[in-house]
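# Survey of secondary and tertiary structure
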Amino acid sequence: MKESIFHSLYDRYHQDVFQFLIYLVKNRGVAEDLSHEVYVRVIKSYERFQGRSSEKTWLFAIAKNVAIDYFRKHAVRSAHNFDAFNWETEQLVSPTKSPESLVELNDEMRELLQALEKCTGDQKMVIIMRYFQELSISETAAILNWSEGKVKTTQHRAIKQLRELLTTSEETEANHYES
């Protein structure tokens, strides 16, 4: 892989890839390590990149796989067993509180990120890609290797679940203040 191609990819997408990873793992150090792993994989596999998707989509697909590998390893270590980690149905819950610490976030964003922790891995990935990274439905589908219909359905279910979780949270808070 030519150095200039690597530097170009890195310069254009590093911040987006890093942000994506930090929203998933909520730990700056881990996100930096995973981001490094993304670019190691890019160097190793760029020769096989066929251009069927954009470089951005390809990079996010690699970042998604690196994050899934991290959660699988973490799940196996914490469970002390080797059962398969099903990232499509399991929650991707980071052991730490939040990206850049919840202190820097406004209350609404903090509540949203906490509610997102209660969504499935699929739902969390789609919401982060679509709304935090502002990827299109077709880009998200390409990264996840899904149909656009599956992205739309997962997004719809995630929004519905988030709405329910946030509504319940608001009601609980309102009842707390009334007491």
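The structure reproduced in this document is the subject of the present report. Everything numeric in this text was worked out from a predicted model, so none of it was measured.

Turning our attention to the packing of helix H1 (residues 3-25) against helix H5 (residues 121-132). Put simply, H1 and H5 touch, their axes get as near as 11 Å, and they point 140 degrees apart. Here H1 lies oblique to H5, going by the angle between them. Crossing handedness for the pair H1 and H5: right-handed. On the side of H1, the interface is formed by Phe20, Tyr23 and Leu24, while H5 contributes Lys124, Met125, Ile128, Met129 and Phe132. Here the residues of the contact of H1 with H5 sort into 7 nonpolar, no polar and 1 charged.

Our focus in this paragraph is unusual backbone geometry. If a residue is not glycine, its phi is most likely negative; likewise, a peptide bond is most likely trans. Positive phi, close to 55 degrees, is recorded for lysine 26, a residue that is not glycine. Following the sequence through the fold, lysine 26 ends up in the loop between H1 and helix H2 (28-45). Accessibility expressed as a relative area gives 4% for lysine 26, which makes it buried. With a phi close to 55 degrees, glutamate 134 is a non-glycine residue in the positive phi region.

Parameters and conventions
The numbering scheme is per chain: residues are counted from 1 as the chain's sequence reads. The predicted nature of this model means local features are confined to residues of pLDDT at least 70 and side-chain atom pairs, given and counted, to a pLDDT of 80 or more, with totals for whole chains, interfaces and linings taken over all residues. Values reported for side chains reflect all heavy atoms of the structure, with hydrogen atoms and water molecules removed beforehand. Angles here are taken between N-to-C directions and fall from 0 to 180 degrees, while the axes themselves are lines fitted to C-alpha atoms, restricted in helices to the stretch in contact. Put simply, DSSP marks the helices as runs of H or I at least four residues long and the strands as runs of E at least two long, and each gets a number from the N terminus on. Should an angle fall under 35 degrees it is called roughly parallel, over 145 degrees roughly antiparallel, and 65 to 115 degrees roughly perpendicular, with every other angle called oblique. In this scheme the handedness of a crossing depends on how the near helix is turned from the far one: anticlockwise by less than a right angle means left-handed, clockwise means right-handed. Two residues qualify as a contact provided that any one of their heavy atoms is within 4.5 Å of a heavy atom in the partner residue. Three categories are distinguished: nonpolar for Ala, Val, Leu, Ile, Met, Phe, Trp, Tyr, Cys and Pro, charged for Asp, Glu, Lys and Arg, and polar for the others, with Gly belonging to the last. Each residue is placed in one exposure class: buried if its accessible area under a 1.4 Å probe, protein chains only, is under 20% of its type's maximum, exposed if it is over 50%, and partly exposed if it falls in between.

These results come straight from atomic positions and should not be treated as a statement about function.
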